[in-house]
There are 2 protein chains.
Amino acid sequence: MISEKMTQLGKKRSVIREIFEYGNLRRKEIGADNVFDFSLGNPSIPAPQIVTDTIKRLLETKSPMELHSYTSAQGDAGVRAAIAEYIASTFGAKSDPNLIYMTCGAAASLTITLNAIVNPTDEIILLAPFFPEYTVFAEKAGAVTRVVKCSEPDFQIDFEALERVISPKTKGIIVNSPNNPSGAVLSEDTIIKLAALLNKKSVEYGTDIYIIADEPYRELVYGGVAVPYIPNFYDNTVVCYSFSKSLSLPGERIGYIFVSPRATNCGDLYAAVCGAGRALGYVCAPSLLQYTVKEVLGKTSDISVYDKNRNLLYNALCEYGYTAVRPDGAFYLFVKSPEPDAAAFCERAKGYEILIVPGDDFGYEGYVRISYCVGTEMIEKSLDRFKKLIEEYR
Amino acid sequence: MISEKMTQLGKKRSVIREIFEYGNLRRKEIGADNVFDFSLGNPSIPAPQIVTDTIKRLLETKSPMELHSYTSAQGDAGVRAAIAEYIASTFGAKSDPNLIYMTCGAAASLTITLNAIVNPTDEIILLAPFFPEYTVFAEKAGAVTRVVKCSEPDFQIDFEALERVISPKTKGIIVNSPNNPSGAVLSEDTIIKLAALLNKKSVEYGTDIYIIADEPYRELVYGGVAVPYIPNFYDNTVVCYSFSKSLSLPGERIGYIFVSPRATNCGDLYAAVCGAGRALGYVCAPSLLQYTVKEVLGKTSDISVYDKNRNLLYNALCEYGYTAVRPDGAFYLFVKSPEPDAAAFCERAKGYEILIVPGDDFGYEGYVRISYCVGTEMIEKSLDRFKKLIEEYR
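Residues numbered from 1 in each chain as written. Chains lettered and ligands numbered in written order. Predicted model: local features only at pLDDT ≥ 70, side-chain atom pairs only at ≥ 80, totals over all residues.

Caption draft 1: Just the overall build of chain A, in detail. Scanning chain A from terminus to terminus reveals 14 helices and twelve strands. Rg of the C-alpha trace for chain A: 21 Å, near the compact-globule value of 21 Å for 394 residues, within the 12% margin. Seen along its three principal axes, the alpha-carbon backbone of chain A occupies a region of about 60 × 60 × 55 Å. Expressed as a percentage of the 394 residues in chain A, the buried residues total 55%. By sequence separation, contacts in chain A at least 24 residues apart represent 76% of the contacts at least 6 residues apart. (Helix = DSSP H or I, 4+ residues; strand = E, 2+ residues; numbered from the N terminus. Rg over C-alpha atoms; globule rule 2.2 N^0.38 Å. Buried ≥ 20, exposed ≤ 12 C-beta atoms within 10 Å, placed from the backbone. Contact = placed C-beta atoms within 7 Å.)

Caption draft 2: A look at the relation of the copies chain A and chain B. Once chain A is rotated about the relating axis by 180 degrees and shifted along it by 0.0 Å, it coincides with chain B to within an RMSD of 0.0 Å. With respect to symmetry, the two chain copies, as superposed, fit the operation of a two-fold axis. Residue by residue, 100% of the interface of chain A is reproduced at the interface of chain B, so both copies engage with the same surface. (Least-squares fit on C-alpha atoms with pLDDT ≥ 70 in both.)

Caption draft 3: Molecular detail of unusual backbone geometry. Asn180(A) connects to Pro181(A) through a cis peptide bond whose omega is 15 degrees. The residue after Ser177(B), namely Pro178(B), is reached through a cis peptide bond having omega 0 degrees. Among the secondary structure elements, Pro178(B) is positioned in the loop between strand 5 (170–175) and helix 9 (188–205). For Arg253(A), which is not glycine, the phi dihedral falls at a positive 55 degrees. The buried category is assigned to Arg253(A), around which 29 C-beta atoms lie within 10 Å. The backbone of Thr121(B) shows a phi angle near 75 degrees, a positive value even though the residue is not glycine. On the secondary structure map, Thr121(B) appears in the loop between helix 6 (105–117) and strand 3 (123–128).

Caption draft 4: How the structure looks around the packing of helix 5 (residues 77–91) of chain B against helix 11 (residues 287–295) of chain B. Residues and elements named next belong to chain B. Taken N-terminus to C-terminus, the directions of helix 5 and helix 11 make an angle of 30 degrees; their axes are 9 Å apart at the nearest point. Remark: the crossing between helix 5 and helix 11 carries left-handed chirality. On helix 11, the residues touching Gly78, Val79 and Ala82 of helix 5 are Gln290, Tyr291 and Lys294. A per-class count over the contact of helix 5 with helix 11 returns three nonpolar, two polar and one charged. (Axes fitted to C-alpha atoms, helices over the stretch in contact; angles between N-to-C directions. Left-handed = near helix turned anticlockwise from the far one by under 90°. Nonpolar A, V, L, I, M, F, W, Y, C, P; charged D, E, K, R; others polar.)

Caption draft 5: Examining the domain arrangement of chain A more closely. All names here are of chain A. Parsing chain A into structural domains produces domain 1 (4–47 + 301–391) and domain 2 (50–295). Residue assignment for the side of domain 1 that touches domain 2 shows that the elements contributing at least two residues are helix 12 (304–320) and strand 9 (332–336). Considering only residue class, the side of domain 1 that touches domain 2 consists of 16 nonpolar, seven polar and six charged. (Domains from an automatic or database assignment.)

Caption draft 6: Region of the structure containing the sheet that holds strand 2 (residues 100–103) of chain B. Residue and element names in this part refer to chain B. On the basis of which strands lie adjacent, the open sheet formed by seven strands has the order 2-8-7-6-5-3-4 and mixed pairing. In this open sheet, the two strands that pair with only one neighbour each are strand 2 and strand 4 (144–149). If you compare each strand with its neighbour and ignore which way they point, the axes differ by 20 degrees on average. Across six bridges, the pairing between strand 3 and strand 4 is parallel. Note that in strand 4 the partner of Leu127 across the bridge is Val148. (Pairing = 2+ DSSP bridges.)

Caption draft 7: Layout of the interface of chain A and chain B. Every contact between the two is made by 63 residues of chain A and, on the other side, 63 residues of chain B. Elements that contribute at least two residues to the side of chain A that touches chain B include exactly helix 1 (4–11), helix 3 (49–61), helix 4 (64–68), helix 6 (105–117), helix 7 (133–140), helix 10 (266–279) and helix 11 (287–295) of chain A. For the side of chain A that touches chain B, the leading source of residues is helix 10 of chain A, giving ten residues.

Caption draft 8: Spatial organisation of helix 10 (residues 266–279) of chain B. For helix 10 of chain B, built from 14 residues, the straight-helix expectation of 20 Å at 1.5 Å per residue is met to within 8% by its first-to-last C-alpha distance of 20 Å. Within helix 10 of chain B, twelve of the 14 residues are buried, which leaves it mostly tucked inside the rest of the structure. Within helix 10 of chain B the residues assigned to the buried category are Asp268(B), Leu269(B), Tyr270(B), Ala271(B), Ala272(B), Val273(B), Cys274(B), Gly275(B), Ala276(B), Gly277(B), Arg278(B) and Ala279(B). Packed against the buried residues of helix 10 of chain B are helix 1 and helix 7 of chain A together with strand 2, helix 6 and strand 8 (255–259) of chain B. Of the residues one or two after helix 10 of chain B, Gly281(B) is the one with positive phi, at around 95 degrees. (Expected span 1.5 Å × (residues − 1).)

Caption draft 9: A look at the sheet that holds strand 7 (residues 237–242) of chain A. Residues and elements named next belong to chain A. As summarised here, the arrangement of the seven strands in space is 2-8-7-6-5-3-4, forming an open sheet in which the pairing is mixed. Where the open sheet ends on each side, the last strands, each with one partner, are strand 2 (100–103) and strand 4 (144–149). Neighbour-to-neighbour, the strand axes of this sheet turn through a mean angle of 20 degrees, independent of strand direction. Inspection of the sheet shows strand 5 (residues 170–175) paired to strand 6 (residues 210–214) by four bridges, in the parallel sense. Counted as the bridge partner of Ile174 is Ile212 from strand 6. Along the sheet, helix 10 contacts strand 2 and strand 8 (255–259); its crossing angle with strand 8, the most-contacted strand, is approximately 150 degrees.

Laid out in structure tokens, this is it:
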């Protein structure tokens, strides 16, 4: 009688959450030090001190009325102006405060954007591997999802496969680079090719095809790798940003949507974003956090810790004989399972108290995701176990 | 090509917002002191000092990881336990932390609940006058809305009219008491009759009919009026609460959903709430504010100011010859328009620089809403104008 679909969604835990709960059980049974839990994508580095200082300063210098009243639905005008200016100066992209919409984080950015652009039965393309909630968000918005697998070993886009899937029904494609779970960063060459293909198909079908750039990991890149800013390469782009990972504030739910001024009828597109935010119940993004992020744009947590973890884990696993995607960004290693069934491999890893997630849940079989947003010490202690684990396959 | 419905929603300003924007224009033209803007329902009293103190204390005593990490999707377990305990001890209602779901405010509480219970073409009943966004939220959830007008002069429920509208398709009824815009509080007698009618109809049709109790104004009552706690009277109740008005924190987006443990299959209903929250992109409610409200449950802003404003305005308007609904709660006066066309009356009021909102937008013609969540001084200065305004109709 109530919505069965929503009931099922509420009951069905994600595989990631199942593994994490298993970890909680094991931590109780054998002690937290003996469980090597690489299951969650929860930032392990605290928010930078400047965030705490900024919130305190705001509380001390502004009145409660200034801090806690409704902002406009799109977000405070000053906050939006600062973000537009940041986008222009950092990425050299054309921007506009009136095309910025403050959100309650990346998930809200995505659901609002999808509900803004999708008409029933429109298709949204997902590039596997992808964050599993994309399917939930897109289907709730009324879309049908089509999956295109990225190509090994570099996890760039398989353009032949992509071209086969694009149709007159294609409304958009979600691009998540740096990628969860692969850690891959799409190169400038890939983005240029993607833009060319989408432009060609848009002309061929007389449609607009949107890139939804899901960018919570934009700042989490290592070794000087560049992350192309997609609005500079493709006009019909909507950037979905979140401060959750860069500032280690995932609980606070703060991010934004940026509609490119070069998008077709960008004013209407932005209006649709505002309308969708309204209809989904997003009155405004949390005000105190809006004012806070305005003051710390461009700042990040100390991501050198992730870089250290990445090198430690990647180098060791390669040395032991594992094959992994080159981890240029985010905080995940995507490792080839030594047996075809990644879930079976994850089960075997449990024998070493190592908790990792099969790629199947991300739409990509034969791989596992290892989150390295964990304590460095835990990684160090786990290495010998990873070594023994792969030795079982010799 | 994008969603036309969302585009229209984003473009079409609410009448309230139109009037407020007109006020901004007039403030620039003739000075803020000369504009008597009663259009918005924005709390005019600051958040109590204890809120600021609590946020500061949390920042000083807890680590950023403790404060800003993801909470579970339903909300932090400790926060939910405290709210469940508060509900039990304050209202004597059966409660359960595992039936509390923390939300980004009342609008989120409503959209999540509606998406949880509604199947396409289900009907949701609205009691006019009602908050205009109800229509937007219900329709986006796939429901058809049916409107039942409350009865004059006390704005309780017209049970004959309600009974005519209830059908096998009725999935729920939104009850908002204290009411925006009428200020009326539904009496215990009314709630008892409502429960009896809904129970009778549920049996007759073999359906579950939910009361969605939208309660952001619960604590804003005056003169010792009691607001019945609906879960104590009717089993299939979902309470949608927000701290926006009671603590003057509308920008922070913090509230909760409470599924009554006495609801049919309350576990499934709660799962549907969790599923809907997930599908709409609500990952968790803002964490710092979750921990903050836990520490100040039962506290409110200094609502004696609203009470003072209420008495001042209500008594004066009655003396001048206006007729108004008895304002027991919230911070609105609902006043009978001296001419049948309330919009024309509002236009005439503009001649005195008085900005008020026609009831038409709230589904109720012939009345106007006057928000008294404003400075007392402004009310004092406006009285003579209200007097002259009604004298025009003599």
